[in-house]
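# Structure at a glance
Next come the chains, spelled out residue by residue.
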Amino acid sequence: MPAATLALPAPSDRPGSGAPVLEVRGLEMRFGDRLVQQGVSFTVPASTIFAIMGVSGCGKSTLLRHVIGLLEPAGGQVLLGGTSYWDGDDAARRRLRTGCGMLFQSAALWSSMTIRENVCLPLEQMTDMDQRQRDARATEVLQWVELEAFAAFYPADLSGGMRKRAGLARAIGASPPLLLLDEPSSGLDPIGSRRLDDLILDVRQRTGAAVVLVSHELPSLLAIADDGIFLDADSKCPIGHGSPRQLLESGTNPTVKAFMHRERLPDAPGKAAP
Amino acid sequence: MPVQQDAAIVAAVATPDRKRAAPVRVPVALAAFLAKGADAIEFLGQIPLSTAALLAARRRFPLRDFIRVTMQCSAEALLIVLVVNVLVGAILAFVGAVQLVKFGAGIYVADLVGIAVSREMAAVMTAVVMAGRTGASFAAELATMQTNEEIDALSVLGLDTVAYLALPRVLALTLVMPLLYLYGCAAGLLGGLLVASGMMNLAPSAYLDRTVEALNATQFVLGASKSLSFGFLVAMTACWYGLHADRSAAGVGQATTGAVVAGIVGVIALDAVFAVCANALGW
């Protein structure tokens, strides 16, 4: 199988021990005059599952969109495999982007295409595979996510969980060194969510890809994430670094503690004694 | 909310600062309008660039999408184009007959219907129908793709969304419109014939002879040129609204409405330009 075109360090068996696949330095995100987040810095080595955490509306999905080049940062740098994304020309950016696979929050499967075609289009764009190789690879990844029987179905014919798995199959088809997953478990039942977690761990194990994950789901985060960052909606900057487990056990910031322990914030409404 | 806070908000709303802010909105709105205009011009320029890249075989053309869209704006639109143009031809004949019969010039209703249909009505009415039908469909489909992040997913692959999504739609409607125009002409003339023979007791052969005498190639060249331009305009407008829709259900509705309104107004405005040009050229 031809590798994706982004030159990246070889995967490591031990999480966190490889050179960085993704490095974010002092990122500042804005929508017009409105500041979303600033001072966001983190590094994601190969074979690491990195979680972006925070309350709703703090800019987690926006951060993913900056990482993959859908939005241009107001400041700071995004380095993919050591190369600054925004310093290159269009061709260079396109090359860097082909090293990324993304599962969108809504799965974002192309509705006019079958599931097989959804998986094959990135292979056509990002690899040198011929039609026969693309079909074989599509079959392989669809078997991986247990959707080979639904290859000829259209996205509208699948359940939410199946769409998420199809989106994951599309994202991993070209074996990108960097996988970006935007709330992969949202809307799934606990069994479906666990199944997706296992798939993500399996992808990491098999491909050595670095995985950046946005999620609210604590059991999932605690089960699979090796490292992470916690974004704060009020101060508009990161207020916690470390694995979800570390943040759960030793996080000191009130917001981080409240989030990780599923508690009310100290100044939140409804805190009054019964 | 405490009463003091309510009072503070009321006071803030009524402050001179708020009043001073009102005139500021005009330049802001103007700047937004100009930015939108610049964006539309950029979009207009991307279509020939994408076509050139396609012809140079540097870009993948979504053939299946093109075939699907061509079907949607040709075969599937035949019935409504037929009905509207037959009715327009019949209305023209009816109105003309009432006036012309007074002067004993009833036979010239064939001239009226023939010239009006081939120069103006077939092209304009077909374009209006296509703006409401296909333009709305293009805008809604692309806006829904925007809402569902499907367009972002294409961008992540490095695909040019204009080439991949807008180009097949613009090409399909632009190429199909002259054919629909000819079909609309035939339907309009049929509508006129039905009224002339049914209401005025004109012999169909006499009506057709008179129609052939009244028409010339210039009328059809003008009508076909208009329909080509209208098709391009309607498709471009629909794609622009669809690709620039807000990411919400309301955004889909707004994009669809905007595409239909702008498409119809654009067709009529462009028709006026054609009328002035045709007059200047003596056509």
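Residues numbered from 1 in each chain as written. Chains lettered and ligands numbered in written order. Predicted model: local features only at pLDDT ≥ 70, side-chain atom pairs only at ≥ 80, totals over all residues. Heavy atoms only, no water.

### Concerning the pattern of salt bridges
This model, assessed by the stated rule, comprises 20 salt bridges over all chains. One salt bridge connects Glu149 of chain B with Arg65 of chain A, and the closest N-O pair in it is separated by 2.8 Å. In this pair, Glu149 of chain B is assigned in the loop between α5 (109-147) and α6 (150-156) and Arg65 of chain A in helix α1 (residues 60-67), connecting two distinct chains. No difference in accessibility class separates Glu149 of chain B from Arg65 of chain A, as the two residues are buried. (Salt bridge = Lys/Arg side-chain N within 4 Å of Asp/Glu carboxyl O. Helix = DSSP H or I, 4+ residues; strand = E, 2+ residues; numbered from the N terminus. Buried < 20%, exposed > 50% of the residue type's maximum accessible area, 1.4 Å probe, protein only.)

### Details of the domain arrangement of chain B
All names here are of chain B. When its domains are assigned, chain B resolves into domain 1 (1-59) and domain 2 (62-281). Contacts between domain 1 and domain 2 engage eleven residues on the former and twelve residues on the latter. Taking both sides of the interface into account, the surface hidden between domain 1 and domain 2 amounts to around 1,100 Å²; carbon and sulfur atoms contribute 81%. Remark: the boundary between domain 1 and domain 2 carries zero salt bridges. Linking domain 1 with domain 2 are two residue pairs in polar contact (both at pLDDT 80 or more). Its residues assigned to classes, the side of domain 1 that touches domain 2 comprises five nonpolar, three polar and three charged. (Domains from an automatic or database assignment. Contact = heavy atoms within 4.5 Å. Buried area = accessible area lost by both parts, 1.4 Å probe. Polar contact = N/O pair within 3.5 Å; in protein donor to acceptor, adjacent residues only side chain to side chain. Nonpolar A, V, L, I, M, F, W, Y, C, P; charged D, E, K, R; others polar.)

### Examining unusual backbone geometry
Leaving glycine aside, a negative phi is the common case for residues, and trans is the common case for peptide bonds. Residues and elements named next belong to chain A. The phi angle at Ala107 is positive, at roughly 75°, despite the residue not being glycine. Take Ala107: its relative accessible area is 1%, and that puts it in the buried class. In this structure, Glu183 is a non-glycine residue whose phi angle is positive, near 45°. Mapping Glu183 onto the fold places it in the loop between β7 (178-182) and α6 (190-207).

### Re helix α10 (residues 249-281) of chain B
For α10 of chain B, built from 33 residues, the straight-helix expectation of 48 Å at 1.5 Å per residue is met to within 8% by its first-to-last C-alpha distance of 47 Å. After α10 of chain B finishes, the residue Gly282 of chain B shows a positive phi value of roughly 75°. (Expected span 1.5 Å × (residues − 1).)

### Describing the sheet that holds strand β2 (residues 34-45) of chain A
Residues and elements named next belong to chain A. Spatially, four strands are ordered β2-β1-β4-β5 in an open sheet, and the strand pairing comes out antiparallel. Strands at the two margins of the open sheet, each flanked by one partner only, are β2 and β5 (83-84). Examined bridge by bridge, strand β4 (residues 75-80) and β5 share two bridges and lie antiparallel to one another. Bridging from a neighbouring strand, Leu79 pairs with Ser84 of β5. Sheet strands touched by α1: β1 (20-31), β2 and β4. Its angle to β1, the strand with the most contacts, is close to 120°. (Pairing = 2+ DSSP bridges. Axes fitted to C-alpha atoms, helices over the stretch in contact; angles between N-to-C directions.)

### Quick notes on empty space enclosed by the protein
Here the structure, examined in full by the defined rule, presents one cavity of 30 Å³ or more. Within this model, the largest cavity holds a volume of roughly 120 Å³. Lining the largest cavity we find 13 residues, and of these Met102, Pro122, Arg170 and Ala171 of chain A together with Leu157 of chain B sit closest to its centre. If you list the elements that add at least two residues to the lining of the largest cavity, you get β6 (100-103), α3 (115-126) and α5 (160-172) of chain A together with α6 of chain B. Per element, the largest residue contribution to the lining of the largest cavity is three residues, and it comes from β6 of chain A. Looking at side-chain class alone, the lining of the largest cavity contains eleven nonpolar, one polar and one charged residues. (1 Å grid on protein atoms, 1.4 Å probe; cavity = no way out; pocket = protein on both sides within 12 Å on 5 of 7 lines; lining within 4 Å. Points joined across faces, edges and corners; volume = space filled by probe spheres on them.)

### As for the interface of chain B and chain A
Of the residues lining the interface, 16 residues belong to chain B; the matching set on chain A comes to 22 residues. In this assembly, chain B packs against chain A so that about 1,700 Å² is buried in total across both faces, 52% of it on carbon and sulfur atoms. Considering only the surface of chain B that becomes buried against chain A, Glu149, Val156 and Leu157 of chain B emerge as the three largest contributors, covering 37% of it. Taken together, the links from chain B to chain A amount to three salt bridges. Broken down by element, the side of chain B that touches chain A gets its largest block of residues, six residues, from α6 of chain B. Its residues assigned to classes, the side of chain B that touches chain A comprises seven nonpolar, three polar and six charged.

### Description of the side chain of Arg97 of chain A
With respect to the helices and strands, the residue Arg97 of chain A is situated in helix α2 (residues 90-97). For the buried Arg97 of chain A, no salt bridge exists, and the shortest N-O distance to an oppositely charged side chain is 7.4 Å, to Asp90 of chain A. Residues in contact with Arg97 of chain A, not counting those within four places in the same chain, are Ile68, Gly69, Tyr85 and Met126 of chain A together with Ser155, Val156 and Gly158 of chain B. (Lys, Arg positive; Asp, Glu negative; His and termini not counted.)

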